[in-house]
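Structural characterization, general
Spelled out, the chains give:
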Amino acid sequence: MAAKPKLGQNFLRDPAAVQRIVAALGDISARTVVEIGPGKGIITERIAPKAQRLVAIELDRELAWGIQERFLPEKGFPAVSVARQDVLQYDFAALAQQVGEPLVVVGNLPYYITSPILLRLAACAPSLSHAVLMVQREVADRVTARPGTREYGLLTVTLQLYGTTESLFTLPPEAFNPPPEVHSTVFRWHFAPRFAALGVEEAPFITFLKHCFAQKRKTLSNNLRAAGLTSDRISQALETASIPSQARAETLPIEQFAALHRALL
Ligand code: SAM
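Computed from a prediction, not measured in an experiment: that's the story for all the values here.

Considerations on the side chain of T114
Of note, T114 is situated in helix α5 (residues 114-123). Side-chain polar atoms of T114 contact the backbone oxygen of Y111, separated by 3.0 Å. The contact partners of T114, leaving out residues within four places of it in the chain, are L109, V135 and V139.

Let's talk about helix α1 (residues 15-24)
Along α1, the positions that sit buried rather than exposed are A17, V18, I21, V22 and A24. Down the axis of α1, the buried side of the element spans an arc of 160°, and every buried residue falls inside it. When the buried face of α1 is taken as reference, the exposed residues oriented beyond 90 degrees from it are P15, Q19 and A23. Tucked inside the fold, the buried residues of α1 contact β1 (11-12), α2 (44-47), β5 (103-108), β6 (128-136), β7 (163-171) and β9 (184-191). Taking the backbone nitrogen of A16 as reference, a side-chain oxygen 3.0 Å away marks D14 as the first, capping residue of α1. Following α1 by one or two positions, G26 adopts a phi angle in the positive range, close to 80°.

Quick notes on the domain arrangement of the chain
Interfaces are often sized by the amount of accessible area the parts lose when they come together. Once the domains are mapped, the chain shows domain 1 (12-193) and domain 2 (198-264). Taken over C-alpha atoms, the centre of domain 1 sits 33 Å from the centre of domain 2. Listed by partner, the interface residues are 12 residues for domain 1 and 15 residues for domain 2. In this assembly, domain 1 packs against domain 2 so that about 1000 Å² is buried in total across both faces, 72% of it on carbon and sulfur atoms. Considering only the side of domain 1, the residues that lose the most area to domain 2 are Y152, L154 and L161, jointly responsible for 49% of the buried surface there. Joining domain 1 to domain 2, the criterion identifies 0 salt bridges. If you look at where domain 1 meets domain 2, you find 3 residue pairs in polar contact (both at pLDDT 80 or more). For the side of domain 1 that touches domain 2, the per-class residue count stands at 6 nonpolar, 5 polar and 1 charged.

A word on the nonpolar core
Counting residues in each nonpolar core, the largest one holds 62 residues, and the members touching the most others are F92, L121, W189, L220, F257 and L260. Residue contributions to this core peak at 6 residues, all from helix α12 (residues 254-264). Both of domain 1 (12-193) and domain 2 (198-264) provide at least three residues apiece to this core. Apart from residues no more than four positions distant in its own chain, W189 is found in contact with L118, L121, A122, S129, H130, A131, L133, L159, Y162, G163, T164 and T165. Ranked by size, the runner-up nonpolar core spans 29 residues in total, among them F77, V80, V132 and F176.

Looking at the site of the ligand
L12, G37, E58, N108 and Y112 are the nearest of the 25 residues found near the ligand. Contact between the ligand and L12: an oxygen atom at 2.9 Å from a main-chain N or O atom of the residue. V87 is positioned such that a nitrogen or oxygen atom in its backbone is 2.9 Å from a nitrogen atom of the ligand. Of all the cavities here, the one that holds the ligand is the largest pocket.

About the cut-offs
- Residues numbered from 1 in each chain as written.
- Predicted model: local features only at pLDDT ≥ 70, side-chain atom pairs only at ≥ 80, totals over all residues.
- Heavy atoms only, no water.
- Helix = DSSP H or I, 4+ residues; strand = E, 2+ residues; numbered from the N terminus.
- Polar contact = N/O pair within 3.5 Å; in protein donor to acceptor, adjacent residues only side chain to side chain.
- Contact = heavy atoms within 4.5 Å.
- Buried < 20%, exposed > 50% of the residue type's maximum accessible area, 1.4 Å probe, protein only.
- Arc of directions from axis to C-beta.
- Domains from an automatic or database assignment.
- Buried area = accessible area lost by both parts, 1.4 Å probe.
- Salt bridge = Lys/Arg side-chain N within 4 Å of Asp/Glu carboxyl O.
- Nonpolar A, V, L, I, M, F, W, Y, C, P; charged D, E, K, R; others polar.
- Core = buried A, V, L, I, M, F, W, Y, C linked by side-chain atoms within 4.5 Å.
- Near = heavy atom within 4 Å.
- 1 Å grid on protein atoms, 1.4 Å probe; cavity = no way out; pocket = protein on both sides within 12 Å on 5 of 7 lines; lining within 4 Å.
- Sits in = over half its atoms within 2 Å of the grid points.

This is the structure in structure tokens:
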């Protein structure tokens, strides 16, 4: 069956990389694992014998069918099920509630919807324990970036608000079939939302961050003015939060965004 580029079908073909992905999940013997985009099953076949339960979400009808046929109870896989649907519509909360604990997520993601998947996982963070995900290298650089670096931006802060991220290893295009045009990096994300500890409310704080990062070349102050705040209010709040008046959003750690947001309330 020919790969469908529109569905981000770049199949992993490096068994050592698969082993490293599975090892990065930790002990999954008592866990429910959700795999995003199992494809032809190179990761699935390593996880299925180890996890207590595995749910594979695959949008491609033929691939979903192939996975379903291969991991049947009578073939020794009583705990593998396939959800043939778009991962962006998948109800992680319902599954977590059903199994009574946060889920473990794994996936070599379809790159055409990487950011929507990451934001969807962030929104489902209370239902999730940790995730090991393959993404385009540039995306991994962004989600694991530190303040003051070129890669640090809204996606960084958003993901790190929902937990901690760490980059694990990078693969060249040849590790996939067909090879993508980019390098790929696996990163791990431990979910632990920080809103309560930072003293901010989730929805308004996310909206505030979008304003802060609205235009990369502008100062934080100018971005907040463009969002409708008065100069006086902004400079007072910057002073209260001990942030220099000419600071750019790209230089601030999450704690300082939270301090500024609180000062503006
Ligand atoms: N896990 C396999 C591997 O490593 O070889 C396949 C990874 S491939 C990069 C991405 C997979 O995600 C494909 O199987 C593709 O069909 C599937 N996919 C694409 N869009 C999807 C969506 N919206 N929801 C669920 N699966 C999707």
